[in-house]
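Spelled out, the chains give:
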Amino acid sequence: MSKPIITVVAGPPGVGKTSFIRKQIPKDSPAIYFSPGTGNVPIDHTCLATDFPNLKIITDAQQSELIEHLGNGTVAFIELGFYLELDAMSSLLDNIPNSRIAIIPPGTENSEWHQWADQTVEGCAIESNINNCQFWRSPTRGQIIDPASLDVFWYEELTAGAYGQIMRAKAIFDIADGRAFYFDFVLGKETEYQELNLPRWLEGRPERFSGIEVFGNNLNQKALAETLQGCCLPDAAILAYQQQF
């Protein structure tokens, strides 16, 4: 039997799929990452690309090119978001050797993940009942966020339940001093954040990806969008900040 060159990872939101993949990516040889369905909010793509220069990122528009990149034996990682059916990639994966790994919360038994996977790995303890939840995404490319407003929005409002019960939220934001930050929240845990390994953007509006995705119950998407827009700096304020640096 041919050795699998594609590792497909699936699991519920916030369980640790991307973290698992991060640990498997070779540091000194080429590899491929693809997460179908991310559209114009490729948060995980962006974070991984900043940390692994040898990682080839495949977007939705480039899906047809995936097989070409596999031709030389390069390993690939496909992350199936919780919003996709587990058979979403079956037309491709049924014809290429692959290993299917489900990251599941502790104590989970006899789930759809078990039936789908070749191997299960215990992930983070999360709320696994995601029925009737809503999913909201918004790109913020070109926007610079006021840090003080961001703190209020993220910590005192969003993750505190002002817009609904948030089970999962992650984002990349450009802030006023030119840095880009990744924010990661899972219900029941403190927000984790890190500065991305990107050059400071200190001239005009950023011409790189930024954006947010939120998953939870009873989301007030209109209020979310309006409040986030209110955190974005106008041109005059951006210029004033950038002149300081």
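Refer to the structure printed above.
Below or above, wherever it landed, is the structure these notes cover. Model, not experiment: these values are computed from the prediction.

Quick notes on helix 2 (residues 43-51)
Here is step 1: For helix 2, the buried fraction is high: 7 of the 9 residues fall into the buried class.
Here is step 2: Those residues of helix 2 that sit buried are I43, D44, H45, T46, C47, L48 and T50.

Observations concerning the pairing of strand 2 (residues 31-34)
Here is step 1: Side chains of strand 2 alternate between two faces, with A31 and Y33 and I32 and F34 buried alike.
Here is step 2: Judged from the 4 bridges that link them, strand 2 and strand 3 (residues 55-58) form a sheet pairing that is parallel. Its bridge partner lying in strand 3, A31 is registered against L55.
Here is step 3: For the handedness criterion, the β-α-β arrangement of strand 2, helix 2 and strand 3 is classed as right-handed.
Here is step 4: Of the pairings in the sheet, the one linking strand 2 to strand 4 (residues 75-80) comprises 4 bridges and is parallel in character. Looking at strand 4, one finds that Y33 is bridged to F77.

What about the sheet that holds strand 8 (residues 165-174)?
Here is step 1: Here 5 strands make up an open sheet; going across it, the order is 7-11-8-9-10 and the pairing antiparallel. Each of the sheet's edge strands pairs with one partner strand only, and the pair in question is strand 7 (134-139) and strand 10 (192-195). Strand after strand, the sheet turns through a mean of 10° between neighbouring axes, direction not considered.
Here is step 2: Pairing between strand 8 and strand 11 (residues 211-217): 7 bridges, direction antiparallel.

What counts, and at which threshold
Residues numbered from 1 in each chain as written. Predicted model: local features only at pLDDT ≥ 70, side-chain atom pairs only at ≥ 80, totals over all residues. Heavy atoms only, no water. Buried < 20%, exposed > 50% of the residue type's maximum accessible area, 1.4 Å probe, protein only. Helix = DSSP H or I, 4+ residues; strand = E, 2+ residues; numbered from the N terminus. Pairing = 2+ DSSP bridges. Right-handed = clockwise from strand over helix to strand, strands pointing away. Axes fitted to C-alpha atoms, helices over the stretch in contact; angles between N-to-C directions.

So, to be careful, I would describe these as geometric facts and stop short of saying anything about function.
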